[in-house]
Amino acid sequence: MKRFTLSHWGIYEGEQDGTGALRLRPYANDPDPSPIGVHQTARELRDLRVRRPAIRKSWLEGGAGTSTHLRGREAFVEVEWDEALDLVGQELDRVRARFGNSAIFGGSYGWGSAGRFHHAQSQIHRFLNMIGGYVRHQDSYSLGAAHVIMPHVVDGMNELISYHHSWDVLAEHCQLFVSFGGVPAKNSQSAPGGVGRHRVSAGLKAMREAGVRFINIGPVSDNIETGGPVEWIQCRPGTDTALMLGIASELHRRKLHDVAFLTTHCVGYDEFERYLVGATDGVPKTAAWAEGISGVPSGVIQDLALGMHRCRTVINVAWSLQRAHHGEQPFWMVVTLAAMLGQIGLPGGGFGVGYGCLNTVGTPHEKLGGPTLSQGRNAVKDFIPVARIADLLLKPGEPFQYDGKQYRYPDIRLVYWAGGNPFHHHQDINRFLEAWRKPDTIVVHEQYWTATARHADIVLPISTSIERDDLGYASQEAILLWMAKMTEPVGEARDDFTVFAQLAARLGVAEAFTENRDPAQWLEHMYDDTRERYASAGIDLPVFDAFRERGLVDLHDRARSVVMLDEFRRDPSAAPVNTPSGRIELYSQTVASFDLRDCPGHACWIPPVEYLGAPQAADFPLHLLSDQPRNKLHSQLDGSPLSAGGKLAGREPIYMHPSDAAQRGIATGDIVEVFNARGRCLAGAVVSDAIMAGVVRMSTGAWYDPEPGSGRDKHGNPNVLTADIPASELSQGCAAQSCLVQVSAPVQKPPPVTAFDLPRFSTDRPGLVGIRATGGGIE
Ligand SMILES: Nc1nc2c(c(=O)[nH]1)N[C@H]1C(S)=C(S)[C@@H](COP(=O)(O)OP(=O)(O)OC[C@H]3O[C@@H](n4cnc5c(=O)[nH]c(N)nc54)[C@H](O)[C@@H]3O)O[C@H]1N2
Ligand SMILES: Nc1nc2c(c(=O)[nH]1)N[C@H]1C(S)=C(S)[C@@H](COP(=O)(O)OP(=O)(O)OC[C@H]3O[C@@H](n4cnc5c(=O)[nH]c(N)nc54)[C@H](O)[C@@H]3O)O[C@H]1N2
Ligand SMILES: [Mo]
């Protein structure tokens, strides 16, 4: 019997090595497996596990709200599970009774692990709903701006992602593939919930073999590999919209825009055109104008316009473009430009919003609902746009805008996190640290001693996916997997479900939460439900026992070719897009009616607060890209040998152009300090001409490791540098990419890195005072 497990990086098979130790090897049918997932069994990671329930010493001694400034700095006391669960239960009860459920933040954003039952987000949300609800989050760090703007323009992001041209259609029909931000193989290793087979490298290779011309526009060149030539056009980060406007203006000047398509399939081109030619603001968005902003020579811009017009063209944008100040604009603009070219809905023509960002984009597989755990109903209406977590904690009662409406931040007393790492994902960690001191109590479920766990009051140890049975499924990946438990949980770790079930019992909602099923019964129940639904779609799944025996159902032979928006193109009245007009909205009455300074009614260039053309560039002359890491997923598995192998003297690499390095006397391997007014960190320099001058790149994922006193991060977490500002008042999305920094000369005696130390534990067991905090009185 084969034992499989599914991870965000793909399918792996468990086997015993010569010594009897568990090893993972990639699924034999995956043509391009990711090395990341193999490391799930690494011994180095085991050492970082949370082994027993642990409580911050002064919280245990003084109760909720005690010495919150010591979070992350003082010792933990390990306690028995029952005691920890009693305390968490009593504290949840205190907060909901005294302040109401809208004082509980349970948004708890993060990727957690693959697996449909032991899905941390579903579990925590279901549990909190059963006890009266919680403040939730809306949208994602991935696509904060895009999730809000795209439904006004063409369709929701989740829908768009599901029906991009499949790779075979691109190879057969596309002639010119222009990508803003490459098609990074490093990123397409992953997909949320799992990857069936990695298809992006093969997809690019087939395109190259079919003779497709590739142009990569952006600050770095090593983010696309086709096996053949790729033309690189260097463009200042954050200025893609200006460049696209320059191309649009050139199409307009030569009367090459497709008036028929703009009339039959779009609304609002005229309003956009008035802006394009400068009728509304006196500034024609010519190629020369775009050169001044983006640094791309106007001749190149003119050639791009002609090149795109002459052949079947896809224009793709990476998600990083919208993870920026005014990040709505490049996404609106790519659709506008593609609409002017008039190829939307033709095979191999139009736009892409994320080829390469995940394995999923370009999938040939249909959307079939997988097994899901119902989350119940949330009785609390309050929410935050996900990246406003620090504002939520710092500004209770204050108003915020979101998608044209005004809301208020509730007053949070308790933060409950399961399956995410805000000390990884949030911007401006020094500001976040201040916000993190506000709540009375922070409870974290974690597998590892991440910075978030270390900065909590109560940490509960959780099992990993290879330590529990689960159902594996990911949208449009054509697999259904029995994720077999392969090893016993480390220490006293339990799964999230079991922890919440035990808390539910303490809070009187055991039956509502568990429906009298244990995990094994839930898995069978969820599988049977899926089997029934698939049967009505004409797919025969084996009965549960046979499925478990077989381990894997592979639906890859159901692949078909997908042409994005073909039905809409054929007949926009019969198959309208999902906007108020049913047409692609190049001008949106709805967005215009919100009357926002930072997101008007059509795509436009609004300078970001930080970019190479901003006044701050005088002090901080380098644009910092904090992209996704090659050797891990976010902060997950950072302690593995694979991730460690990519570091320099234990720090995250920072890539910089030879001229920027020479100015500072830096050579590859030097340790440097990266800083701005918000924070500072150390990094290992890599001098490279795959990045343009004036730009530096540090991937995310290094565990936050501040020096006591100065707060300088020794390990290279770029979020001590990024700005905690929203993309705009429309979306409130994460804007991490708009960030200017300075880099120092080499640091002579860098302090040792200690990112992977465990926290201190105290065996000095204080007399338990219990939960003392009183209404409003805990400051
Ligand atoms: N500067 C900058 N910042 C960024 C980005 C950027 O481009 N630049 N990208 C952003 C993006 S797109 C994203 S998606 C976020 C990602 O941010 P996160 O998703 O928060 O990052 P992860 O490191 O994946 O955190 C997942 C955590 O869940 C834990 N975990 C795994 N399985 C389980 C489980 O079964 N139960 C429990 N309780 N815990 C579990 C893991 O140990 C890990 O600590 O980061 C964002 N931050
Ligand atoms: N291995 C691995 N894969 C991952 C992840 C991971 O952590 N590890 N994270 C996953 C997640 S959650 C997400 S949301 C996706 C994210 O997908 P993206 O957000 O697209 O990923 P990034 O790596 O941040 O950026 C993609 C490329 O855009 C370039 N770029 C940055 N700023 C600009 C700009 O202003 N203009 C242009 N033209 N290019 C720019 C970057 O240098 C990079 O090469 O990746 C997913 N894939
Ligand atoms: Mo993401």
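By the naming in an unreviewed UniProt entry, the protein chain is Molybdopterin oxidoreductase, taken from Caballeronia hypogeia. Heading Sequence similarities (unreviewed entry) of the UniProt record for the protein chain holds this comment: "Belongs to the prokaryotic molybdopterin-containing oxidoreductase family."

Enquirer: Break down the overall build of the protein chain for me, with residues and values.
Expert: If you tally the helices and strands in the protein chain, you get 26 helices and 29 strands. Rg of the C-alpha trace for the protein chain: 26 Å, near the compact-globule value of 28 Å for 779 residues, within the 12% margin. Its C-alpha atoms give the protein chain principal-axis dimensions of roughly 80 × 60 × 55 Å. In the protein chain, which comprises 779 residues, the proportion classed as buried is 63%. Taking the contacts inside the protein chain whose residues are at least 6 apart along the sequence as the reference set, 75% of them involve residues at least 24 apart. Computed over 75 positive and 89 negative side-chain charges, the inter-centroid distance for the protein chain is 2 Å.

Enquirer: So what's going on with the site of ligand 2? Which residues, and what values?
Expert: Near ligand 2 you find 32 residues, and of these Lys-186, Asn-187, Asp-240, Lys-632 and His-634 are the closest. One of the backbone nitrogen or oxygen atoms of Gly-181 is found 3.4 Å away from a nitrogen atom of ligand 2. In the environment of ligand 2, a nitrogen atom lies 3.4 Å from a nitrogen or oxygen atom belonging to the side chain of Gln-189. Of the residues in the shell around ligand 2, the class split is 15 nonpolar, eleven polar and six charged. When residues are assigned to domains, the shell around ligand 2 turns out to be shared by domain 2 (144-363 + 562-593) and domain 3 (615-743), each giving three or more.

Enquirer: Please set out the domain arrangement of the protein chain residue by residue, giving values where relevant.
Expert: Partitioning the protein chain into domains gives domain 1 (3-139 + 381-556), domain 2 (144-363 + 562-593) and domain 3 (615-743). Placing a centre on the C-alpha atoms of domain 1 and another on those of domain 3 gives a separation of 28 Å. On the domain 3 side, the residues contacting the 36 residues of domain 1 number 33 residues. Roughly 2900 Å² is buried in total at the junction of domain 1 and domain 3, and carbon and sulfur atoms are behind 60% of that figure. Of all residues in domain 1, Arg-388, His-424 and Gln-427 give up the largest surface area on contact with domain 3, accounting jointly for 22% of the area buried on that side. Applying the counting criterion to the domain 1 and domain 3 interface returns two salt bridges. Measuring nitrogen to oxygen at the nearest pair gives 2.7 Å for the salt bridge that ties Arg-388 to Asp-724. Inspection of the region where domain 1 meets domain 3 yields 16 residue pairs in polar contact (both at pLDDT 80 or more). Listing elements by their share of the side of domain 1 that touches domain 3, those giving two or more residues are helix H1 (43-46), strand E15 (399-402), helix H16 (422-425) and helix H17 (429-436). Per-element tally for the side of domain 1 that touches domain 3: the top contributor is H17, with four residues. Of the residues assigned to the side of domain 1 that touches domain 3, the class counts are 18 nonpolar, 13 polar and five charged.

Enquirer: An account of the packing of helix H4 (residues 120-130) against helix H19 (residues 496-506) is requested, with residue identities and associated values reported.
Expert: In contact at an axis separation of 9 Å, H4 and H19 are set at 5 degrees when each is read in the N-to-C sense. Between H4 and H19, the interaxial angle falls into the category roughly parallel. Listed contacts from H19 to Ala-120, Gln-123, Ile-124 and Phe-127 of H4 are Asp-496, Phe-497, Phe-500, Leu-503 and Ala-504.

Enquirer: Account for the site of ligand 1, with residues named and values stated.
Expert: In the vicinity of ligand 1, 34 residues are found, and the nearest of them are Ser-113, His-425, Glu-446, Ser-635 and Asn-719. Between ligand 1 and Ser-113 there is a distance of 2.5 Å, counted from a nitrogen atom to a side-chain nitrogen or oxygen. Taking Glu-446, its side chain carries an N or O atom lying 2.4 Å from an oxygen atom of ligand 1. Considering ligand 1 on its own, with 930 Å² of exposed area, one finds that the protein chains cover 99% of that surface. Listed by contribution, the elements that provide at least two residues to the shell around ligand 1 are H16 and strand E18 (441-446).

Enquirer: Help me get a handle on the UniProt feature "domain: Molybdopterin dinucleotide-binding" (unreviewed entry) in the protein chain, residues and values and all.
Expert: Those places that UniProt annotates as "domain: Molybdopterin dinucleotide-binding" (unreviewed entry) correspond, in this numbering, to residues 622-739. Helix makes up 9% of residues 622-739 and strand 20%, and the two end C-alpha atoms of the span are 9 Å apart.

Enquirer: Please provide a residue-by-residue account of H19, values included.
Expert: Listed in full, the buried residues belonging to H19 are Asp-496, Phe-497, Val-499, Phe-500, Ala-501, Leu-503 and Ala-504. Its side-chain oxygen 3.2 Å from the backbone nitrogen of Phe-497, Asp-495 forms the N-cap of H19. Positive phi appears at Gly-508, one or two residues downstream of H19, with a value of about 80 degrees.

Enquirer: Tell me about unusual backbone geometry, and name the residues and values.
Expert: Even without glycine at this site, Asn-516 takes up a positive phi of about 60 degrees. One can find Asn-516 in the loop between helix H20 (510-514) and helix H21 (519-536). Classification of Asn-516 by relative accessible area gives exposed; the value is 56%. Here the phi dihedral of Asp-595 falls at roughly 60 degrees; this positive angle occurs in a residue that is not glycine. Looking at the element boundaries, Asp-595 is found in the loop between helix H24 (589-594) and strand E24 (622-625).

Enquirer: Would you mind going over the pattern of salt bridges in detail, with residue names and values included?
Expert: For the structure shown, the criterion picks out 49 salt bridges. Between Lys-285 and Asp-281 there is a salt bridge, with the nearest N and O atoms lying 3.0 Å from each other. Accessibility expressed as a relative area gives 38% for Asp-281, which makes it partly exposed. Close ionic contact of Arg-413 with Asp-440 constitutes a salt bridge, the shortest N to O distance being 3.7 Å. Remark: Asp-440 occurs in the loop between H17 and E18 and Arg-413 occurs in the loop between strand E16 (405-408) and strand E17 (414-418); sequence separation between them is 27 residues. As far as burial versus exposure is concerned, Arg-413 and Asp-440 are alike and both buried. In the salt-bridge network here, residues are joined through shared partners; they are Glu-91, Arg-94, Asp-411, Arg-413 and Asp-440.

Enquirer: Lay out the packing of helix H12 (residues 287-294) against helix H13 (residues 298-310) with the relevant residues and their values.
Expert: For the pair H12 and H13, the least separation of the axes is 8 Å and the interaxial angle reads 120 degrees. Judged on the interaxial angle alone, H13 and H12 are oblique. In terms of crossing hand, the pair formed by H12 and H13 is right-handed. Of the residues in H13, those in contact with Ala-287, Ala-288, Ala-290 and Glu-291 of H12 are Ser-298, Ile-301 and Gln-302. In terms of residue class, the contact of H12 with H13 is built from four nonpolar, two polar and one charged.

Calculation notes
- Residues numbered from 1 in each chain as written.
- Chains lettered and ligands numbered in written order.
- Predicted model: local features only at pLDDT ≥ 70, side-chain atom pairs only at ≥ 80, totals over all residues.
- Heavy atoms only, no water.
- UniProt positions renumbered as here; feature names shortened; annotations may be inferred.
- Helix = DSSP H or I, 4+ residues; strand = E, 2+ residues; numbered from the N terminus.
- Rg over C-alpha atoms; globule rule 2.2 N^0.38 Å.
- Buried < 20%, exposed > 50% of the residue type's maximum accessible area, 1.4 Å probe, protein only.
- Contact = heavy atoms within 4.5 Å.
- Lys, Arg positive; Asp, Glu negative; His and termini not counted.
- Charge placed at Lys NZ, Arg CZ, Asp CG, Glu CD.
- Near = heavy atom within 4 Å.
- Polar contact = N/O pair within 3.5 Å; in protein donor to acceptor, adjacent residues only side chain to side chain.
- Nonpolar A, V, L, I, M, F, W, Y, C, P; charged D, E, K, R; others polar.
- Domains from an automatic or database assignment.
- Buried area = accessible area lost by both parts, 1.4 Å probe.
- Salt bridge = Lys/Arg side-chain N within 4 Å of Asp/Glu carboxyl O.
- Axes fitted to C-alpha atoms, helices over the stretch in contact; angles between N-to-C directions.
- Parallel < 35°, antiparallel > 145°, perpendicular 65-115°, else oblique.
- Areas by Shrake-Rupley, 256 points an atom, 1.4 Å probe, with all protein chains shown as cover.
- Left-handed = near helix turned anticlockwise from the far one by under 90°.

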